[in-house]
Amino acid sequence: MQNRLIKKTGDEISPLGFGAMRLPLKNGKVNRELAKEQIYHAIDSGINFIDTAYLYGDSETFLGEVLQGEYKDKVKLCSKLPSINVRKYEDMEKYLDEQLKRLQRDCIDYYLIHSIDLKTFNRLLKRDLLKFISKAKEEGKIKHIGFSYHGPKDEFETVLDGYDWDVVMIQYNYFDDNVQVGMEGIERAASRGMGIFVMEPLKGGILAGKMPKEAEDILRKADANKSNAQWALEWVLNNGNITCVLSGMNSIDQIDENIEIASKTTPLSLSFDEMETIEYVKRVMRNSLKINCSTCGYCVPCPQGVNIPTCMRIYNEKYLFEHKGLFNPSLIDYFQYVGGVMGNASNAGLCNGCGKCLRKCPQKLDIISELEKVKKEFEFPGMDYVLLFIRKVGFPVYKYLVKLLNR
Ligand code: SF4
Ligand code: SF4
């Protein structure tokens, strides 16, 4: 693989990184034997970037155990501060010290503030985040600093301007090229010399699985031997502003397959025809959307706090990818991203019909009635109580279990 340079840090990073969120498990903990074999195989095959987080089960502890000896210096290790758990300044220092202990290191190469949007960023600033970063750098506990972003496009630049960041981790794939930071955000971060790590290149596996029939036909006709996953990974890697694509690989075959793709796909290596094929697939998929929303975000902010683009996007994906069943991926996304499980609620049901968003929509959508459809699809009487229960009981129990597992 041809490594890619992060201008701000001078590090040369493999275009494929190992995401340690989905390591194979045994009795609820990382399966040491299997995962160690996979991690060593990946490193021996050229991967030099491993990504984990405080919240990824016992993955930090596992990596601390196995990245020793010759493997310690062969990789750049990235981990993340659990911003959701930070209540006061001291929490940040406590988590970082605990992470260093788990990882059995004096210093973390890349330390990211996990999952922030502008609101979370402002909350952390009030708890002296910048003092924490400076002190951790001075003390040599972290080498480079960044954040993983989960907010809307229009807030990205404000977070970007909030500190002299080295790297950012974003969600990016050919279907969501306009969601969250989008192409503009990537160019902004790249123009500062920042490293850009991509999560969800396969949209949580959706772009590697069964696609709508017309899209499948286009891809097979263009190249009968190329898998859907390959198309999706190549598209991301073709962008020279992207430093590294993270993949949560959990088999040797998958590691080898992804390494082969990452080795072949250098910046701008896709042909005009290949790029056109992806554009065509995107167009076909967008044309099959139930609501003609481009997720441009011009309609927000809404005075009621409704996250209109995300509500529309999740509704569209439910039909496009035929998500069915009680706990289908779209319903989980709806709870997670707009239901308020992770922060403030911004669901369709909050709309009071004021109409302020209507004239801002370039697609001239009747946003009020579209939101009604979304509400009907995902919301139910008592939903607020269910979400409150998840937040107040489910999460604390989950955190407690994670802590127990890590002992
Ligand atoms: S009509 Fe609904 S979604 Fe639009 S601005 Fe008013 S409250 Fe927000
Ligand atoms: S509803 Fe309209 S303005 Fe809002 S994100 Fe969709 S297309 Fe853009």
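Within each chain, residues carry numbers counting from 1 in the order of the written sequence. The naming scheme follows written order: chains are lettered A onward, ligands numbered 1 onward. For this predicted model, a pLDDT threshold of at least 70 governs which residues receive local features, and a threshold of 80 or more governs which side-chain atom pairs are given and counted, while totals over whole chains, interfaces and linings are taken from all residues.

1. Details of the overall build of the chain
Then step 1. Numbering goes from the N terminus for both helices and strands, where a helix is a DSSP run of H or I of at least four residues and a strand is a run of E of at least two. Along its length, the chain carries 15 helices and 12 strands.
Then step 2. A radius of gyration in this sense is built from C-alpha atoms; the matching globule rule multiplies 2.2 Å by the number of residues raised to 0.38. For a compact globule of 407 residues, the expected C-alpha radius of gyration is about 22 Å, and the chain comes in at 21 Å, within 12% of that figure.
Then step 3. Its C-alpha atoms give the chain principal-axis dimensions of roughly 60 × 50 × 45 Å.
Then step 4. With C-beta atoms placed from the backbone, a residue is buried if 20 or more other C-beta atoms are within 10 Å of its own, exposed if 12 or fewer are, and partly exposed between those counts. Counting over 407 residues, the chain shows a buried share of 41%.
Then step 5. We call two residues in contact when the distance between their C-beta atoms, placed using the backbone, is within 7 Å. Relative to all contacts within the chain whose residues are 6 or more apart in sequence, the contacts with residues 24 or more apart total 77%.

2. Brief notes about the domain arrangement of the chain
Then step 1. As annotated, the domain borders come from an automatic or database domain assignment. In terms of domain boundaries, the chain breaks down into domain 1 (4-278) and domain 2 (308-396).
Then step 2. For domain 1 versus domain 2, the separation of C-alpha centres amounts to 27 Å.
Then step 3. Between domain 1 and domain 2, the contact holds 6 residues from the first and 6 residues from the second.

3. Quick notes on the pairing of strand E8 (residues 108-116)
Then step 1. Counting buried positions over the 9 residues of E8 gives 8, a clear majority of the element.
Then step 2. Here 4 bridges tie strand E7 (residues 76-81) to E8, and the two strands are oriented parallel to one another. Of the residues in E8, the one forming a bridge with Cys78 is Tyr110.
Then step 3. The pairing criterion is simple: DSSP has to find at least two bridges between the two strands. Note: E8 against strand E9 (residues 142-149), 6 bridges, orientation parallel. Bridge pairing links Leu112 to Gly146 in E9.

4. What to know about the site of ligand 2
Then step 1. Using a C-beta atom placed from the backbone, a residue is scored as near a molecule or strand whenever that atom is within 6 Å of it. Lining the immediate surroundings of ligand 2 are 15 residues, of which Cys293, Cys296, Cys299, Pro309 and Cys361 lie closest.
Then step 2. Broken down by element, the residue count for the shell around ligand 2 peaks at 3 residues, all from helix H12 (residues 308-320).
Then step 3. The classification used treats Ala, Val, Leu, Ile, Met, Phe, Trp, Tyr, Cys and Pro as nonpolar, Asp, Glu, Lys and Arg as charged, and all other residues, Gly among them, as polar. Its residues assigned to classes, the shell around ligand 2 comprises 10 nonpolar, 4 polar and 1 charged.

5. A look at the site of ligand 1
Then step 1. For ligand 1, the set of nearby residues contains 15 residues, the closest of which are Cys302, Gln304, Cys351, Cys354 and Cys357.
Then step 2. Among the elements that line the shell around ligand 1, the one with the most residues is helix H14 (residues 367-378), at 3 residues.

6. Some remarks on the nonpolar core
Then step 1. As used here, a nonpolar core is made of buried Ala, Val, Leu, Ile, Met, Phe, Trp, Tyr and Cys residues. They are joined through C-beta atoms within 7 Å. With 87 residues, the main nonpolar core has Val168, Ile196, Val198 and Val245 as its most contacted residues.
Then step 2. Val245 has contacts with Pro15, Leu16, Gly17, Val198, Pro201, Leu233, Val236 and Leu237, leaving out every residue within four places of it along the chain.
Then step 3. The next biggest cluster of nonpolar side chains, apart from the first, holds 18 residues, and it includes Cys293, Ile308, Cys311 and Cys357.

7. Points about H14
Turn by turn, an α-helix covers 3.6 residues, leaving residues three or four places apart pointing in a common direction.
Then step 1. The span you would expect from a helix comes to 1.5 Å times its residue count less one. Given a rise of 1.5 Å per residue, 12 residues ought to cover 16 Å, and the 16 Å separating the end C-alpha atoms of H14 matches this to within 8%.
Then step 2. Burial in H14 covers these residues: Ile367, Glu370, Leu371, Val374 and Phe378. Down the axis, H14 shows its buried residues gathered within 100 degrees of arc, on one side only. Residues of H14 that are exposed and point over 90 degrees away from its buried face: Ser369 and Lys376.
Then step 3. Of the surrounding secondary structure, the elements contacted by the buried residues of H14 are H12 and helix H13 (329-338). Note: the arc covers the axis-to-C-beta directions of the helix.

8. Considering the pairing of E9
Then step 1. Counting buried positions along E9 gives 7 out of 8 residues, so the element sits mostly inside the fold.
Then step 2. Summarising the sheet, E9 and strand E10 (residues 167-171) pair through 3 bridges and their orientation is parallel. Each bridged residue has a counterpart across the sheet, and for Gly146 the counterpart in E10 is Val167.
Then step 3. Handedness of the crossover joining E9 and E10 through helix H6 (residues 153-161) is recorded here as right-handed. Crossover handedness is defined by viewing with both strands directed away from the observer: a clockwise path from the first strand over the helix to the second marks the crossover as right-handed.

9. Quick look at the environment of Ile242
Then step 1. Take Ile242: it is sitting in the loop between helix H9 (228-237) and strand E12 (244-247).
Then step 2. It is 9.6 Å that separates the C-alpha atoms of Ile242 and Ile6, two residues lying 236 residues apart in sequence.
Then step 3. Those residues in contact with Ile242 that sit more than four places away from it in its chain are Ile196, Val198, Val236 and Leu237.

10. Things to note about unusual backbone geometry
Phi is mostly negative for residues that are not glycine, and the peptide bonds are mostly trans.
Then step 1. The omega angle of the peptide bond from Val300 to Pro301 is 5 degrees, so this bond is cis rather than trans.
Then step 2. Within the element layout of this structure, Pro301 appears in the loop between helix H11 (272-287) and H12.
Then step 3. Of note, the phi angle at Gln104 is positive, near 55 degrees, even though the residue is not glycine.
Then step 4. Tracing the chain through its elements places Gln104 in the loop between helix H3 (89-103) and E8.
Then step 5. Positive phi is not limited to glycine here, since Leu268 has a value of about 60 degrees.
Then step 6. Its place among the elements puts Leu268 in the loop between helix H10 (252-264) and H11.

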